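If you want the building blocks of each chain, they are given just below.
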2 protein chains.
Amino acid sequence: MPTSQPIPTLDDVARSAGVSTATVSRCLNTPGQVAKPTMERVMKAVEVLGYTPNFGARSMASKRTHTIGAIIPTMENAIFARGLQAFQEELHKLGYTLLVSSTGYRPEVEEEQVRALVSRGADALLLIGFDRSPETYAYLGKRNVPALVSWAYAPDHSLPSIGFDNRTSMQELAQHVISLGHRDIAVITAVLRGNDRAALRLAGIRDAMEQSGHAFGDLRVIETPYGISHGERALDQLMDGGNRPTVIMCGNDVLAAGALKRAKERGLGVPKDLSITGFDDIELARIVTPALTTVHVPHREMGRKAAQELVSILEKRGAGHSVALETKLMIRDSLSLPSR
Amino acid sequence: MPTSQPIPTLDDVARSAGVSTATVSRCLNTPGQVAKPTMERVMKAVEVLGYTPNFGARSMASKRTHTIGAIIPTMENAIFARGLQAFQEELHKLGYTLLVSSTGYRPEVEEEQVRALVSRGADALLLIGFDRSPETYAYLGKRNVPALVSWAYAPDHSLPSIGFDNRTSMQELAQHVISLGHRDIAVITAVLRGNDRAALRLAGIRDAMEQSGHAFGDLRVIETPYGISHGERALDQLMDGGNRPTVIMCGNDVLAAGALKRAKERGLGVPKDLSITGFDDIELARIVTPALTTVHVPHREMGRKAAQELVSILEKRGAGHSVALETKLMIRDSLSLPSR
């Protein structure tokens, strides 16, 4: 039988066990997915033929490209930059190359980019948040591409996530804002469509308001693309209307920096006349004057852990574990008691 | 002869002309690189066989992945972000997907990433600056991968560039600084190794000093990685030494923002006690207080034009044209007459 062939192949094992090569692969790689009798037949053939699972693993591994894809909403501002850089550095240590693609916050572009990365041979993908088309999830499942979600955390989801709870993180900041006495709150948020992180942060503010038992004015919400200039314009919209807020809570530090800049240009004292808060704690938050009260996201730790988990999923062929990282309130000078 | 075969192939043309298929490809794609007698022999075979260059072009085009790779030094700060986003948006309009890889400013990583992107099927590459190993250039030439350089401009180089003149741009700013009366100048620059943009900016400052005819103290130069915190530390080094500068010219806005932040923390008035300048005019430059005097780089225009040129090289198979974009001095409040 197989003795004429110096190194038995996967085909030999399949033929000998009377199963397909795919089944042999599954037995070796994801034994949990194979019926016990099949498993036993295959493992017996492996033994009889002297097929070396190591060799098999290596030959399958050689099909790997050691390339990981990441699809992020934007490269333009610093929100994803630091976490992604840490993700890349960790991947590099582990022997993987990172290829990044950005959707420009257009959810419809993501599916196209998932396909592009998979067909360019990406072994696995990092995705941001959970808000995407069912088609994209179906495609990933069908192609059996390991994927991990970051910048969000949802342990019950089919994909593992290494991130943080956007809703409770923002809720905690809002509770602090309310505890200072603010009742006229306005929000500048990223466009909510396709962005679960933004939607959850807004929900966190509403949660804190409801749970506080206080009476509030209408929560004015301005939805705008990310960007300094968008934050500037949103500040104008909020301050030109009647019933000015005493605090503007922004969905991220970039919008907050824009709002802060414009408030100062309008002659408003921050925080004397108006408090402004951010989210993310990117470097910008410490650079502006006054420095921003914000929510610290452990970007580097998140990127590093996401890289480790994704490579572990790939190499150990497990399902992956979700991890929630702690965020932290950063109380700085842009927030104080309300002016009135 | 070829009439038995319904559609003549590149092989048929090569055999008939007595050349390799690679030579036929070159005749069709980059005719300028082929000796005239060879060219004539091949084109005659094309004609006799009825080989349709269009069909050939299409069949080559179908091998294209419509993926463009870009390798940038870092994703972590905003220097490349805006230009790259514009590059991606323009590529998307033209039907291409962008995959980005970053070296973390380690030149030795770039060659690895060039290989990864090419073996993942990138049709063409965007590279930053010219300072890279001869091996990387040789690899690109051998694999015949179209590549374009950006963030730099060198019309005589073998690769086309869409960028700006780092040296004269910084020289112009330095001339302005000197014209205000500054004679004690210090520089905080990015690490020079593997970074021709940083080296050229530093050279531009020296040019302006030499050409001014004035006498200067020693030019103190601190070389440091990019990053706010590195700018902060460099400011301390410069101000803790004797012979304090009246102006610190920084290799980019990120370092300048860090230096500015630290100067203010040390109780120095900017620009009253110390002037600080940047380079790039990223959003950060307008956000800090006082706003940074800097050199405006037309990042969006550069990204857009680079995308158009690279796709044109790919689709029209030309050699590509180099374009120098204009930078512009942005005089803001961080620079004034010297304090002494």
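Read on for a plain summary of the structure. (Residues numbered from 1 in each chain as written. Chains lettered and ligands numbered in written order. Predicted model: local features only at pLDDT ≥ 70, side-chain atom pairs only at ≥ 80, totals over all residues. Heavy atoms only, no water.)

Our next topic: the packing of helix H8 (residues 166–179) of chain B against helix H9 (residues 196–212) of chain B. Residues and elements named next belong to chain B. Here H8 crosses H9 at 40 degrees, and the two axes come no closer than 7 Å. With respect to H9, the element H8 is oriented oblique. Crossing angle aside, the handedness with which H8 passes H9 is right-handed. Within the contact between the two elements, H8 uses Asn166, Arg167, Met170, Gln171, Ala174, Gln175 and Ile178 and H9 uses Arg197, Leu200, Arg201, Ala203, Gly204, Ile205, Asp207, Ala208, Met209, Gln211 and Ser212. For the contact of H8 with H9, a count of residues per class yields eight nonpolar, six polar and four charged. (Axes fitted to C-alpha atoms, helices over the stretch in contact; angles between N-to-C directions. Helix = DSSP H or I, 4+ residues; strand = E, 2+ residues; numbered from the N terminus. Parallel < 35°, antiparallel > 145°, perpendicular 65-115°, else oblique. Left-handed = near helix turned anticlockwise from the far one by under 90°. Contact = heavy atoms within 4.5 Å. Nonpolar A, V, L, I, M, F, W, Y, C, P; charged D, E, K, R; others polar.)

On to the nonpolar core. Looking at soluble globular proteins, one finds that nonpolar side chains tend to be buried together. In terms of nonpolar packing, the biggest core is built from 150 residues, with A:Phe87, A:Ile276, B:Phe87 and B:Ile276 touching the most fellow members. The contact partners of B:Phe87, leaving out residues within four places of it in the chain, are B:Ile68, B:Ala70, B:Leu98, B:Leu126, B:Gly303, B:Arg304, B:Ala306, B:Ala307 and B:Leu310. (Core = buried A, V, L, I, M, F, W, Y, C linked by side-chain atoms within 4.5 Å. Buried < 20%, exposed > 50% of the residue type's maximum accessible area, 1.4 Å probe, protein only.)

Residues and elements named next belong to chain B. Relative to the elements of secondary structure, Phe164 occurs in the loop between strand E5 (161–163) and H8. On the basis of relative accessible area, Phe164 is assigned to the buried category, the value being 1%. Taking the C-alpha atoms as reference points, Phe164 and Ser334, 170 residues apart in sequence, are found 24 Å from one another. If near-sequence neighbours (up to four positions away) are discounted, Phe164 is found in contact with Trp151, Ala152, Tyr153, Ser169, Arg201, Phe279, Val297, Met302, Leu325 and Thr327.

This brings us to the packing of aromatic side chains. Residue and element names in this part refer to chain A. What the rule picks out here adds up to six aromatic pairs over all chains. When the centroid spacing of 5.4 Å and the interplanar angle of 70 degrees are considered together, the rings of Tyr105 and Tyr226 count as edge-to-face. A residue pair is termed long-range when its members are at least 10 positions apart, and Tyr105 in the loop between strand E2 (97–102) and helix H6 (107–119) and Tyr226 in the loop between strand E7 (220–224) and helix H10 (228–240) qualify at 121 residues. Overall, the relative accessible area of 27% leaves Tyr105 in the partly exposed class. The ring of Phe279 is capped by Arg201, whose NZ or CZ atom sits 3.9 Å from the centre of that ring. (Phe/Tyr/Trp six-rings, centres within 6.5 Å; stacked < 30°, edge-to-face > 60°. Lys NZ or Arg CZ within 6 Å of the ring centre and 35° of its normal.)

Taking 1.5 Å per residue as the helical rise, helix H5 (residues 81–93) of chain A with its 13 residues ought to reach 18 Å, and the 18 Å between its terminal C-alpha atoms agrees with that figure. Taken together, the buried residues of H5(A) touch strand E1 (67–72), E2, strand E3 (124–128) and helix H13 (299–316) of chain A together with strand E2 (97–102) and helix H6 (107–119) of chain B. In the stretch just after H5(A), A:Gly95 is the one whose phi turns positive, near 90 degrees. (Expected span 1.5 Å × (residues − 1).)

Residue and element names in this part refer to chain A. Relative to each other, H10 and helix H11 (residues 253–265) sit at 50 degrees, their axes nearing to 7 Å. By the angle between their directions, the pair H10 and H11 is classed as oblique. The handedness of the crossing between H10 and H11 comes out as right-handed. Where H10 approaches H11, its residues Ile228, His230, Gly231, Glu232, Leu235 and Asp236 are matched on the opposing element by Val254, Leu255, Ala257, Gly258, Ala259, Lys261, Arg262, Ala263 and Glu265. For the contact of H10 with H11, the residue count by class is seven nonpolar, three polar and five charged.

Residue and element names in this part refer to chain B. Taking strand neighbours across the sheet as the criterion, the four strands line up as E7-E6-E8-E9 in an open arrangement whose pairing is parallel. Edge strands, defined here as strands with exactly one partner in the open sheet, are strand E7 (220–224) and strand E9 (275–277). Ignoring which end each strand starts from, the neighbouring axes of this sheet average 15 degrees apart. Note: strand E8 (residues 247–250) against E9, three bridges, orientation parallel. Paired with Ile248 across the bridge in E9 is Ile276. Against the sheet, H8 touches strand E6 (185–190), E8 and E9, its axis set at about 170 degrees to E8. Packing against the sheet, helix H11 (residues 253–265) makes contact with E6, E7, E8 and E9, and its axis sits at approximately 160 degrees to E9. (Pairing = 2+ DSSP bridges.)

Before going further, it helps to examine the environment of B:Ala190. By the secondary structure assignment, B:Ala190 is in strand E6. Among all residues touching B:Ala190, those that are not within four sequence positions of it are B:Asn195, B:Ala198, B:Glu223, B:Thr224, B:Tyr226 and B:Leu255.

Further remarks concern the sheet that holds strand E8 (residues 247–250) of chain A. Residues and elements named next belong to chain A. Strand order in the open sheet formed by four strands is E7-E6-E8-E9, and the pairing between neighbours is parallel. Where the open sheet ends on each side, the last strands, each with one partner, are E7 and strand E9 (275–277). Put simply, the sheet's adjacent strands are angled 15 degrees from each other on average, direction ignored. Of the strands in this sheet, strand E6 (185–190), E8 and E9 touch helix H8 (residues 166–179), which is tilted by about 170 degrees from E8.

Attention now moves to the relation of the copies chain B and chain A. Note on the identical chains: chain B maps onto chain A by a rotation of 179 degrees and an axial translation of 0.1 Å, with an RMSD of 1.2 Å. Seen this way, the second copy is the image of the first under a two-fold rotation axis. Both copies contact each other with a shared surface, as 100% of the interface residues of chain B are interface residues in chain A too. (Least-squares fit on C-alpha atoms with pLDDT ≥ 70 in both.)

Limitation: the analysis is restricted to geometry and does not speak to function.
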